[in-house]
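Letter by letter, the chains look like this.
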Amino acid sequence: MKLFGTDYDTRDGSCLRDYIHVMDLAAAHLAALDRLMTHSGGFACNIGTGQGVTVREVLEAVAKVTGMKVPYDEYPRRAGDPAELYADVTLAHELLNFEPQFAGIEDIVRHAWEFHRVAWGLAGSEI
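Residues numbered from 1 in each chain as written. Predicted model: local features only at pLDDT ≥ 70, side-chain atom pairs only at ≥ 80, totals over all residues. Heavy atoms only, no water.

### Brief notes about the side chain of T54
(1) Moving on: Checked against the element boundaries, T54 lands in strand β3 (residues 53-54).
(2) Moving on: With relative accessibility at 0%, the residue T54 sits in the buried group.
(3) Moving on: Reaching out from T54, the side chain makes a polar contact with the side chain of D12 at a distance of 2.6 Å. (Helix = DSSP H or I, 4+ residues; strand = E, 2+ residues; numbered from the N terminus. Buried < 20%, exposed > 50% of the residue type's maximum accessible area, 1.4 Å probe, protein only. Polar contact = N/O pair within 3.5 Å; in protein donor to acceptor, adjacent residues only side chain to side chain.)

In structure tokens:
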């Protein structure tokens, strides 16, 4: 894997991003459809957890959940990449009453790991 940027003004130097569980994203879409069916007019809102997780924290979560470290090489920042990028979920809370159920990165990684193990028919942790 390529880790772009290790000198950001963040907890560990890698950039922060807002990672959301696929089931939370699906739930938000269903809530949006419900709102569209009961209210006139359209709307747009950000869906996320509203919290940032660094790339290094994701790599640590993957290692903890799978028992395997992700090999990566460090590269300079990519032009235009912000240090922090996460959703302002205020409108999603107000309009959709949306609250993510899986806000922790370890839960997200664990569920993805289990999905892939089942989908690929893996008995152990090998991929």
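Resuming the write-up.
### Here's the deal with a nonpolar patch on the surface
(1) Moving on: The grouping of L30, L33 and L36 at the surface amounts to a nonpolar patch, some 290 Å² of accessible area in total.
(2) Moving on: With respect to the helices, strands and loops of the structure, L36 is situated in helix α1 (residues 22-38). (Patch = residues over 30% accessible without salt bridge, like charges linked within 9 Å, V, L, I, M, F, W, Y side chains within 5 Å. Areas by Shrake-Rupley, 256 points an atom, 1.4 Å probe, with all protein chains shown as cover. Salt bridge = Lys/Arg side-chain N within 4 Å of Asp/Glu carboxyl O.)

### Here's the deal with α1
(1) Moving on: With 17 residues, α1 should reach 24 Å at 1.5 Å per residue; the first-to-last C-alpha distance of 25 Å fits that figure.
(2) Moving on: When we look at burial in α1, the residues that qualify are D24, A28, A31 and A32. What you see down the axis of α1 is that its buried residues fit within an arc of 105°, all on one side. Across from the buried face of α1, at angles greater than 90 degrees, the exposed residues are V22, M23, L30, D34 and M37.
(3) Moving on: Along its buried surface, α1 packs onto α3 (90-96). (Expected span 1.5 Å × (residues − 1). Arc of directions from axis to C-beta. Contact = heavy atoms within 4.5 Å.)

Interpretation in functional terms is not warranted from these geometric data alone.
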